[in-house]
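Per-entry structural report
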Amino acid sequence: AGIGKCVALDLARRNARTILACRSRERGQAAVEEIRAATGNPAVLLRLVDTSSLASVRAFAQAVLQEEKRLDVLVNNAGLTGLPFTITPEGLEKTFTTNYLGPFLLTNLLLG
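What counts, and where the lines are drawn
- Residues numbered from 1 in each chain as written.
- Predicted model: local features only at pLDDT ≥ 70, side-chain atom pairs only at ≥ 80, totals over all residues.
- Heavy atoms only, no water.
- Buried < 20%, exposed > 50% of the residue type's maximum accessible area, 1.4 Å probe, protein only.
- Helix = DSSP H or I, 4+ residues; strand = E, 2+ residues; numbered from the N terminus.
- Pairing = 2+ DSSP bridges.
- Right-handed = clockwise from strand over helix to strand, strands pointing away.
- Polar contact = N/O pair within 3.5 Å; in protein donor to acceptor, adjacent residues only side chain to side chain.
- Salt bridge = Lys/Arg side-chain N within 4 Å of Asp/Glu carboxyl O.

- Under an unreviewed UniProt entry, the protein chain has the name RDH12 dehydrogenase and belongs to Nycticryphes semicollaris.

Written out as structure tokens, the structure is:
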């Protein structure tokens, strides 16, 4: 939803192979179908990742590096606010991990 979906829509309109990296399979698949229908671009894909989990980020990055020949653009758009203080299973504060550590790790892993 929001800015991320708008960016994905614009990239798909430009005929780019576009990967939507989402936490929710249901919401992500709905966005993929909407973008494909609006653009006629069948190369809009869903991949699941939770940036509050560094293990999820590592698995996502590994899969992208194995599946894709190249990566031209990365848009880090995940974020949340207003949650109660929560510690992730990895021992990190959830909001900080989701908004900063996860995207930072993802960017660095995808640099190759």
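Additional details are given in the paragraphs that follow.
**A few points about the pairing of strand S1 (residues 18-22)**
- In S1, alternate side chains face the same way, and those of Thr 18, Leu 20 and Cys 22 are buried while those of Ile 19 and Ala 21 on the opposite face are not.
- Where S1 lies against strand S2 (residues 44-48), five bridges are found, and the strand directions are parallel. Bridging from a neighbouring strand, Leu 20 pairs with Leu 46 of S2.
- Handedness of the crossover is the feature at issue here: the chain leaves S1, passes through helix H2 (residues 25-39), returns alongside S2, and the resulting connection is right-handed.

**Examining the side chain of Ser 52**
- With respect to the helices and strands, Ser 52 occurs in the loop between S2 and helix H3 (54-67).
- Of note is the side chain of Ser 52, whose polar atom sits 2.8 Å from the side chain of Asp 50.

**Focus on the pattern of salt bridges**
- Tallied over the full model, the rule gives five salt bridges.
- Close ionic contact of Asp 72 with Arg 70 constitutes a salt bridge, the shortest N to O distance being 2.9 Å. In terms of burial, Asp 72 and Arg 70 fall into one category: exposed.

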